[in-house]
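Chain residues, written in single-letter form:
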Amino acid sequence: MAPKPADVVLRFAMFNSWGIEKVSATAALTLYNVLYNVARLAAPAAGFLILLALSHFSPVHATVALVCGLLALLLAGCLAIVMRWEAAARFAGRTAGSVAHRFRPSKVDVPEWEEAAVAYRRSLGHEMHGRAVPAFCAQATILAVEVLLFVVCVRATGTSPAAAVTVEVIAAFLVAYPLTALPLYGLGILEAAVLILLGDQIPVSEFTTGMVVWRVATFLLPTAAGALALWHWRRSTHHQQPRTPNPHHA
């Protein structure tokens with residue numbers, strides 16, 4: 001799910017208070033969002049391979065895994081092109097600047113927009129250099145932890161601990177994982193999809209209870225922790241002047 005404008009403003013206010021230059025901050029956020037969505041879209045392929053290993057082939061699962069896998073490759077390919085092709089960034093900046101200049105000729109400098117796009121591409125390349133693989137591994141680890149937490153929450157409601165069922169729960173969750181891109185992390189829709197994929201392997205009452213526990217663990221608790229962190233940041237920066245951006249972050 002794309003960040004809301006208010007979220008973007010808040011993030012840049014935080015980066016500014018920490019002395020991080022905006023172009024570098026934008027590049028880092030872009031890298032994070034792209035790699036997160038690559039991992040999210042790659043999840044159904046992992047789930048499909050698990051189901052295939054259990055001899056549970058399904059054309060629907062195969063189609064979802066194929067489409068999402070292709071989208072993941074497309075995202076990763078676009079990121080690689082932007083990182084390596086400066087002419088594309090220059091063209092995009094010049095084009096965007098020309099369009100904006102038609103509406104605000106006194107406020108928009110086309111060459112400035114072009115150079116800003118090039119600077120952004122270079123900053124993105126700096127963030128990617130030597131960091132893409134560790135960053136993707138970190139995203140994959142986050143996904144693995146979330147899957148493990150999902151299984152623990154379902155098991156905590158009294159569901160049978162049979163190993164085969166556990167593997168199928170993991171596979172179903174991975175196949176449905178792209179639905180987390182929907183508002184409220186796919187609330188309701190994700191649960192219904194996983195339940196449909198599992199069929200009658202888990203009683204609806206036990207599954208529903210497990211999903212409620214999982215939602216509390218993955219939504220309410222992080223929200224509370226985030227609110228506490230935001231309060232601490234606002235308090236610590238209330239009487240401080242914004243720091244001068246560090247040129248080494250550019």
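Given the structure is predicted, the values throughout are model-derived calculations rather than measurements.

(A) A look at the overall build of the chain. Check the secondary structure of the chain and you find ten helices and zero strands. Along the chain, helices (α) and strands (β) appear in the sequence α-α-α-α-α-α-α-α-α-α when read from the amino end. Within the chain, the fraction of its 250 residues that count as buried is 33%. At a minimum sequence separation of 6, the contacts of the chain that also span at least 24 residues come to 72%. Working note: accessible area of the chain is about 14,600 Å², and carbon and sulfur atoms make up 71% of it.

(B) Seen up close, the side chain of glutamine 139. Relative to the elements of secondary structure, glutamine 139 occurs in helix H6 (residues 132-155). Among residues more than four places away in sequence, those in contact with glutamine 139 are Tyr32, Leu35, Tyr36 and Ala39.

(C) The nonpolar core, seen in detail. Phe150 and Val194 are the most contacted members of the largest nonpolar core, which has 23 residues in total. When residues of this core are traced back to their parent elements, those giving at least two are helix H2 (22-53), H6, helix H7 (163-176), helix H9 (189-198) and helix H10 (204-237). Those residues in contact with phenylalanine 150 that sit more than four places away from it in its chain are Val169, Phe173, Val194, Phe207, Met211 and Trp214. If you look at the next biggest cluster of nonpolar residues, it comprises eight residues, including Leu31, Val34, Cys68 and Ala72.

(D) Spatial organisation of the confidence of the model for the chain. Summing up the model confidence of the chain, the mean pLDDT is 79 and the portion of residues at 70 or higher is 83%. Of all helices and strands in the chain, the one with the weakest mean pLDDT is helix H1 (residues 5-17) (70), whereas H9 scores best (87).

(E) Summary view of the environment of serine 98. Secondary-structure assignment places serine 98 in helix H4 (residues 86-103). For serine 98, a relative accessible area of 30% puts it in the partly exposed group. For the pair serine 98 and aspartate 109, spaced eleven residues apart in the sequence, the C-alpha separation amounts to 8.5 Å.

(F) Looking closely at unusual backbone geometry. For leucine 184, which is not glycine, the phi dihedral falls at a positive 55 degrees. Topologically, leucine 184 is positioned in helix H8 (residues 183-186). With a relative accessible area of 51%, leucine 184 lands in the exposed category.

(G) Representation of H4 within the structure. Compared with an ideal rise of 1.5 Å per residue, which puts 18 residues at 26 Å, H4 spans 26 Å between its outermost C-alpha atoms and is within 8% of the ideal. The complete set of buried residues in H4 reads Ala89, Gly93, Gly97 and Ala100. Mapping the buried residues of H4 onto a view down its axis gives an arc of 70 degrees, with all of them on the same face. For H4, exposure combined with an orientation more than 90 degrees from the buried face picks out Phe91 and Arg102.

(H) Up close: the packing of aromatic side chains. Under the counting rule described, the total for this entry stands at five aromatic pairs. Aromatic pair phenylalanine 173 and tryptophan 214: ring centres 5.5 Å apart, planes at 85 degrees, arrangement edge-to-face. With phenylalanine 173 in helix H7 and tryptophan 214 in helix H10, the pair connects residues that are 41 residues apart, well separated along the chain. Classification of phenylalanine 173 as buried rests on a relative accessible area of 0%.

(I) Main features of the packing of H6 against H10. Two numbers describe how H6 lies on H10: the axes approach to 8 Å, and their chain directions differ by 135 degrees. The orientation of H6 with respect to H10, classified from their angle, is oblique. For the crossing formed where H6 meets H10, the hand is right-handed. The segment H6 lies against H10, with Glu146, Leu149, Phe150, Cys153 and Val154 engaging Phe207, Gly210, Met211, Val213, Trp214, Ala217 and Thr218. Its residues assigned to classes, the contact of H6 with H10 shows nine nonpolar, two polar and one charged.

(J) The arrangement of H10 in detail. For H10, built from 34 residues, the straight-helix expectation of 50 Å at 1.5 Å per residue is met to within 8% by its first-to-last C-alpha distance of 48 Å. Most pronounced at valine 216, the bend in H10 amounts to some 30 degrees. Within H10 the residues assigned to the buried category are Phe207, Gly210, Met211, Trp214, Arg215, Trp233 and Thr237.

Scoring rules and cut-offs
- Residues numbered from 1 in each chain as written.
- Predicted model: local features only at pLDDT ≥ 70, side-chain atom pairs only at ≥ 80, totals over all residues.
- Heavy atoms only, no water.
- Helix = DSSP H or I, 4+ residues; strand = E, 2+ residues; numbered from the N terminus.
- Buried < 20%, exposed > 50% of the residue type's maximum accessible area, 1.4 Å probe, protein only.
- Contact = heavy atoms within 4.5 Å.
- Areas by Shrake-Rupley, 256 points an atom, 1.4 Å probe, with all protein chains shown as cover.
- Core = buried A, V, L, I, M, F, W, Y, C linked by side-chain atoms within 4.5 Å.
- pLDDT = per-residue confidence, 0-100.
- Expected span 1.5 Å × (residues − 1).
- Arc of directions from axis to C-beta.
- Phe/Tyr/Trp six-rings, centres within 6.5 Å; stacked < 30°, edge-to-face > 60°.
- Axes fitted to C-alpha atoms, helices over the stretch in contact; angles between N-to-C directions.
- Parallel < 35°, antiparallel > 145°, perpendicular 65-115°, else oblique.
- Left-handed = near helix turned anticlockwise from the far one by under 90°.
- Nonpolar A, V, L, I, M, F, W, Y, C, P; charged D, E, K, R; others polar.
- Bend = angle between axes of the 7 residues up to and from the residue.

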